[in-house]
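The primary structure of each chain is shown beneath.
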Amino acid sequence: MDESTKKIAVVTGAGSGIGRSVALALAAAGWSVAVAGRRTEPLEQTAAAAGSDADVLCVPADVSDPDDVTALFESVRARYGRLDLLFNNAGTFGPGGVPLEDITYEAWRSVVDVNLTGAFLCAQAAFRQMRRQDPQGGRIINNGSISAHVPRPHSIAYTATKHAMTGLTKSLSLDGRPYRIACGQIDIGNAATEMTERMQTGILQANGRLAVEPVMDAADVARTVLHMAQLPLEANVQFATVMATSMPYIGRG
């Protein structure tokens, strides 16, 4: 790809799981990718997996820290001069299996700080860069979840933040229109990652029983994100749902 037309992406939560898969798909398609996450070693593993020909910038950052987010996007601006895509992916499920009445304030805040405040801070920084650059514009893709539609038992913090992500996506879409900034959301169900390992051993269902749930390859998610990212800014996938075909979502009573 010609360096003058090369696209620049930021992927948060890129040290593992969906973030790593998306970063690798973008790099394989010729994008320059800044990978962000709390720990340096997993980011370097993502960069190594992309291969020596890929242009991958590793930037350790805690998305819930405003100073870290500012430093992340300044690093991208200094290296590349512009930004074409933010994949807002960093997230945490929080304490699994804890009844609502036992969730501590600290546990609640830790999920909200990463999943919602972190997503806002990154979107705001990306929006500022995309608005002021020439040519103007870019795309933000938020990682929602099936939990943006329906909850699992004992998941109030995660579910609340993922419902809020939908509102964030809609507001970004509206506020970005004058500046050629498109925003969409991908809602993912049961991609095979570290976060979903428990799906394969049995997870609590709405009827109180434990059940093994099917999962899908995270690469299938990455291909969908890549499709969304490669659209011209005149077109936008506003919401997409990608899930393991037989997961218990459609038809749930």
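Scroll up to find the structure this text is about.
Structure report, in brief. (Residues numbered from 1 in each chain as written. Predicted model: local features only at pLDDT ≥ 70, side-chain atom pairs only at ≥ 80, totals over all residues. Heavy atoms only, no water.)

Right, let's talk about the overall build of the chain for a bit. In terms of helices and strands, the chain carries six helices and nine strands. Here the chain has a C-alpha radius of gyration of 18 Å; the compact-globule value for 253 residues is 18 Å, and the two agree. Judged by the C-alpha coordinates and their principal axes, the chain covers about 55 × 35 × 35 Å. Considering only residue pairs separated by 6 or more positions, the chain has 71% of its internal contacts joining residues 24 or more positions apart. Surface summary for the chain: the accessible area is close to 11900 Å², and the carbon and sulfur share equals 52%. Taking the average location of the 22 positive side-chain charges in the chain and that of its 25 negative ones, the two points are 6 Å from each other. (Helix = DSSP H or I, 4+ residues; strand = E, 2+ residues; numbered from the N terminus. Rg over C-alpha atoms; globule rule 2.2 N^0.38 Å. Contact = heavy atoms within 4.5 Å. Areas by Shrake-Rupley, 256 points an atom, 1.4 Å probe, with all protein chains shown as cover. Lys, Arg positive; Asp, Glu negative; His and termini not counted. Charge placed at Lys NZ, Arg CZ, Asp CG, Glu CD.)

Quick look at the sheet that holds strand 2 (residues 32–37) now. One open sheet accounts for seven strands, arranged 3-2-1-4-5-6-9; its pairing is parallel. The open sheet has two edge strands, strand 3 (56–60) and strand 9 (239–243), and neither has a second partner. On average, each strand axis in the sheet is tilted by 15° relative to the strand beside it, whichever way the strands run. Bridge count for strand 2 against strand 3 is five bridges, and the pairing is parallel. Its bridge partner lying in strand 3, Val 33 is registered against Val 56. With respect to the sheet, helix 1 (residues 17–28) is in contact with strand 1 (8–12), strand 2, strand 3, strand 4 (85–88), strand 5 (138–143) and strand 6 (181–189), its orientation differing from that of strand 1 by roughly 165°. Lying over the sheet, helix 4 (residues 105–132) contacts strand 1, strand 4, strand 5 and strand 6, oriented at roughly 175° with respect to strand 4. (Pairing = 2+ DSSP bridges. Axes fitted to C-alpha atoms, helices over the stretch in contact; angles between N-to-C directions.)

Let us look at the nonpolar core. Counting residues in hydrophobic clusters, the biggest one holds 35 residues, and the most contacted among them are Leu 26, Ile 186 and Val 221. Looking at this core, the elements that each hand over two or more residues are strand 1, helix 1, strand 2, helix 2 (40–50), strand 4, strand 6, helix 6 (218–230) and strand 9. Considering every element that reaches this core, the biggest residue donor is helix 6, with seven residues. With residues up to four places along the chain from it excluded, the contact list for Leu 26 reads Ala 9, Val 11, Trp 31, Val 33, Leu 85, Leu 226 and Ala 229. Grouped together as the second largest cluster of nonpolar side chains are 32 residues, Ala 34, Val 63, Tyr 80 and Ile 181 included. (Core = buried A, V, L, I, M, F, W, Y, C linked by side-chain atoms within 4.5 Å. Buried < 20%, exposed > 50% of the residue type's maximum accessible area, 1.4 Å probe, protein only.)

Once that is clear, we can look at unusual backbone geometry. The step from Asp 134 to Pro 135 runs through a cis peptide bond, and the omega angle for that step is 5°. Looking at where Pro 135 falls in the secondary structure, it is placed in the loop between helix 4 and strand 5. Even without being a glycine, His 154 presents a positive backbone phi close to 60°. Mapped onto the elements of the fold, His 154 is located in the loop between strand 5 and helix 5 (156–176). A relative accessible area of 34% places His 154 in the partly exposed class.

So, on to the pattern of salt bridges. Tallied over the full model, the rule gives seven salt bridges. Across the pair Arg 109 and Asp 113 runs a salt bridge whose closest N-O atoms are separated by 3.2 Å. Taken together, the positions of Arg 109 and Asp 113, both in helix 4 and four residues apart, correspond to about one turn of that helix. Residue class for Arg 109 comes out partly exposed when judged on its relative accessible area of 34%. Arg 180 is paired through a salt bridge with Glu 234; the nearest N and O atoms lie 2.9 Å apart. Of the two residues, Arg 180 sits in the loop between helix 5 and strand 6 while Glu 234 sits in the loop between helix 6 and strand 9, which places them 54 residues apart along the sequence. With a relative accessible area of 39%, Arg 180 lands in the partly exposed category. (Salt bridge = Lys/Arg side-chain N within 4 Å of Asp/Glu carboxyl O.)

Here we come to the packing of helix 1 against helix 6. Each pair of packed helices can be summarised by the angle the axes make with each other and by the distance between the axes. Relative to each other, helix 1 and helix 6 sit at 50°, their axes nearing to 8 Å. On the basis of the axis angle, helix 1 is oblique to helix 6. Two packed elements cross with a definite hand, and for helix 1 against helix 6 that hand is right-handed. Between helix 1 and helix 6, the contacting residues are Ile 18, Ser 21, Val 22, Ala 25 and Leu 26 on the first element and Ala 218, Ala 219, Val 221, Ala 222, Val 225, Leu 226 and Ala 229 on the second. For the contact of helix 1 with helix 6, the residue count by class is 11 nonpolar, one polar and no charged. (Parallel < 35°, antiparallel > 145°, perpendicular 65-115°, else oblique. Left-handed = near helix turned anticlockwise from the far one by under 90°. Nonpolar A, V, L, I, M, F, W, Y, C, P; charged D, E, K, R; others polar.)

Between the first and last C-alpha of helix 1 there are 17 Å, a value that for 12 residues agrees with the 16 Å anticipated at 1.5 Å per step. Restricting attention to buried positions, one finds in helix 1 the residues Gly 17, Ile 18, Gly 19, Val 22, Ala 23, Ala 25, Leu 26 and Ala 27. Phi turns positive one or two residues past the end of helix 1, at Gly 30, with a value near 100°. (Expected span 1.5 Å × (residues − 1).)

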